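Each chain is listed here by its residues.
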Amino acid sequence: QLQKQAYDYLPITSEAALVANLRAQLEALNKISFSDAEWQRFFSTCIAGANDGIVEKTARMQEDHVQLLKRDDGSTKNIYLIDKQNIHNNRLQAINQYEAEGSRATRFDVTILVNGLPMVHVELKRRGVDIREAFNQINRYQRDSFWAGSGLFEYVQLFVISNGTLTKYYSNTVRDGHLAEQHSKRSKSKTSNSFAFTSWWADAKNRPITELDGFTRTFFAKHSLLNVLTRYCVFDVDRKLLVMRPYQIVAAEQILQRIATSTNHRQLGSVAAGGYIWHTTGSGKTLTSFKAAQLARGLPNIDK
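Since we're looking at a predicted model, the values are computed, not measured.

A. Quick peek at the overall build of the protein chain. Counting its secondary structure elements, the protein chain contains eight helices and 10 strands. The C-alpha atoms of the protein chain give 20 Å as radius of gyration, which agrees with the globular expectation for 304 residues (19 Å, within 12%). With the C-alpha coordinates of the protein chain rotated into their principal frame, the extents come out at 60 × 55 × 40 Å. When burial is assessed residue by residue, the protein chain has 51% of its 304 residues classed as buried. Across the protein chain, every contact between residues at least 6 apart in sequence was considered, and the portion connecting residues at least 24 apart equals 64%.

Below, the structure written as structure tokens:
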């Protein structure tokens, strides 16, 4: 199904092949050829630093996605890890059965690479199996093998778990036992059972899309996935990655739409330029309004 949606399938199962593909993808995105020495320097300092963990790699994708390459001739060049302005410049590839040797050998189900970096990991169970098993398995990978080798799997921003009939998604910090407290004003207790913070995907009318086929068609549509990764995540002051829920994304989009139309129709300052979003307690209105303001800041007519 991903191939039908114009993802390239890559039959790679080893880290050497993963790194070689990453180099080729970054060269294509940045229209550059690395010399071997340049690639070695760039890879070891700007991608797979020995002291970088999940938080540092998430910060790189969310905040510092343009890294500096020192060329052999002493000059420097900006290297984009992901293009957030023109999302369709990014190349999506799918791999499956990737093998990692950590504290125990593991084989991952399906991973989506964005410009060669593993950014979304999908764990699949047979129908009838509780999807919590997929959630628990990702926690085990986190412990046993995502850090293995160069630790490229620590770049995964989003996880998808499915048993075919039920499918959910969540951000990478949920698996650390971090709780996205913004999603629940009432529950302040620190607990490692963060399955509660996995989200259903839904259509614009907030009807849940739980079947894997429908989820793949919509969530993994290239523009949807790239928008979620580049626009609808918030990396907060506690260094946790929050991924927005579908109704929050729709609300933020509607707000931006209203700003655009009321500006075009010269309605600013009138009732027609306003509107309201109604959400229940604990549904994440603060995150929605923060994200709407952050995205609006990029619009040309907005007074900073």
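B. Highlighting the environment of S283. Inspection of the secondary structure puts S283 in the loop between helix 7 (246-264) and helix 8 (285-296). Since its relative accessible area comes to 7%, S283 is described here as buried. Sequence separation of S283 and Q67 is 216 residues, and the distance between their C-alpha atoms is 35 Å. Setting aside residues no more than four positions away along its own chain, S283 makes contact with Y247 and Q248.

C. Summary view of the environment of F197. Relative to the helices and strands, F197 is located in the loop between strand 8 (167-171) and helix 5 (212-219). Residue classification places F197 among the buried positions, given a relative accessible area of 11%. Taking C-alpha positions, F197 is 8.9 Å from S171, a pair spaced 26 residues apart along the chain.

D. Structural detail: helix 1 (residues 15-30). Relative to the 22 Å expected for 16 residues at 1.5 Å per residue, helix 1 spans 22 Å between its end C-alpha atoms, a close match to the ideal helical length. Every buried residue of helix 1 is accounted for by L18, V19, N21, L22, R23, Q25, L26, E27, L29 and N30. Looking at the buried positions of helix 1, the neighbouring elements they touch are helix 2 (36-47), strand 3 (76-80), strand 4 (92-101), strand 5 (105-114) and strand 6 (117-124). Two residues or fewer past helix 1, K31 is found with a positive phi of approximately 50°.

E. How the structure looks around the packing of aromatic side chains. This model, assessed by the stated rule, comprises 21 aromatic pairs. Ring geometry for F108 and F146: centres 5.2 Å apart, planes at 45°, overall tilted. Taken together, the residues F108 in strand 5 and F146 in the loop between helix 4 (132-144) and strand 7 (158-162) connect sequence positions 38 residues apart. Note on accessibility: F108 and F146 belong to one class, buried. Aromatic rings pair up to connect Y98, F108, F135, Y141, F146, F153, F159, Y170 and F195 into one cluster. Taking the ring centre of W200 as reference, the NZ or CZ of K168 above it sits at 4.6 Å.

F. Geometry of the side chain of Q93. Mapped onto the elements of the fold, Q93 is located in strand 4. Judged by its relative accessible area of 1%, Q93 falls in the buried class. A polar contact of 2.9 Å, which involves the side chain of Q93, links it to the side chain of N21. Apart from the residues within four sequence positions on either side, Q93 is in contact with Y7, D8, L10, N21, Q25, T111, I112, L113 and G116.

G. Summary view of the confidence of the model for the protein chain. Of all residues in the protein chain, 93% attain a pLDDT of 70 or more, and the chain-wide mean is 88. Low pLDDT (under 50) marks residues 177-193, which in the prediction has 31 contacts with non-local residues, meaning those over four places away or in another chain.

H. View of the nonpolar core. One finds F42, I47 and F220 to be the most contacted residues of the largest nonpolar core, which totals 77 residues. When residues no more than four places from it in sequence are discounted, the contact partners of F220 are L2, Q5, Y7, I112, V120, V122, V160, F215 and L225.

I. Spotlight on the packing of helix 7 against helix 8. The N-to-C vectors of helix 7 and helix 8 enclose an angle of 40°; their axes lie 9 Å apart at closest approach. With respect to helix 8, the element helix 7 is oriented oblique. Note on packing geometry: the crossing formed by helix 7 with helix 8 is right-handed. Of the residues in helix 8, those touching helix 7 at Q248, A251, A252, I255, L256 and I259 are L287, T288, A292, L295 and A296. Partitioned by chemical class, the residues of the contact of helix 7 with helix 8 number nine nonpolar, two polar and no charged.

J. Quick peek at the pairing of strand 3. Sheet analysis places strand 2 (residues 66-70) next to strand 3, joined by five bridges and oriented antiparallel. Note on strand 3: the bridge partner recorded for L68 is N78. Between the end of strand 2 and the start of strand 3, which pair antiparallel, lie five residues, with G74 showing a positive phi angle near 95°.

K. Structural detail: the sheet that holds strand 8. Taken together, six strands build an open sheet; the order of strands is 1-4-5-6-7-8 and the sheet is mixed. Looking at which strands have only one partner, the edges of the open sheet turn out to be strand 1 (8-9) and strand 8. The sheet contact formed by strand 5 and strand 6 spans five bridges and is antiparallel. When the sheet's bridge partners are listed, T111 is paired in strand 6 with H121. Its contacts with the sheet place helix 4 against strand 5, strand 6, strand 7 and strand 8, and it is angled at close to 140° to strand 6.

Parameters and conventions
- Residues numbered from 1 in each chain as written.
- Predicted model: local features only at pLDDT ≥ 70, side-chain atom pairs only at ≥ 80, totals over all residues.
- Heavy atoms only, no water.
- Helix = DSSP H or I, 4+ residues; strand = E, 2+ residues; numbered from the N terminus.
- Rg over C-alpha atoms; globule rule 2.2 N^0.38 Å.
- Buried < 20%, exposed > 50% of the residue type's maximum accessible area, 1.4 Å probe, protein only.
- Contact = heavy atoms within 4.5 Å.
- Expected span 1.5 Å × (residues − 1).
- Phe/Tyr/Trp six-rings, centres within 6.5 Å; stacked < 30°, edge-to-face > 60°.
- Lys NZ or Arg CZ within 6 Å of the ring centre and 35° of its normal.
- Polar contact = N/O pair within 3.5 Å; in protein donor to acceptor, adjacent residues only side chain to side chain.
- pLDDT = per-residue confidence, 0-100.
- Core = buried A, V, L, I, M, F, W, Y, C linked by side-chain atoms within 4.5 Å.
- Axes fitted to C-alpha atoms, helices over the stretch in contact; angles between N-to-C directions.
- Parallel < 35°, antiparallel > 145°, perpendicular 65-115°, else oblique.
- Left-handed = near helix turned anticlockwise from the far one by under 90°.
- Nonpolar A, V, L, I, M, F, W, Y, C, P; charged D, E, K, R; others polar.
- Pairing = 2+ DSSP bridges.

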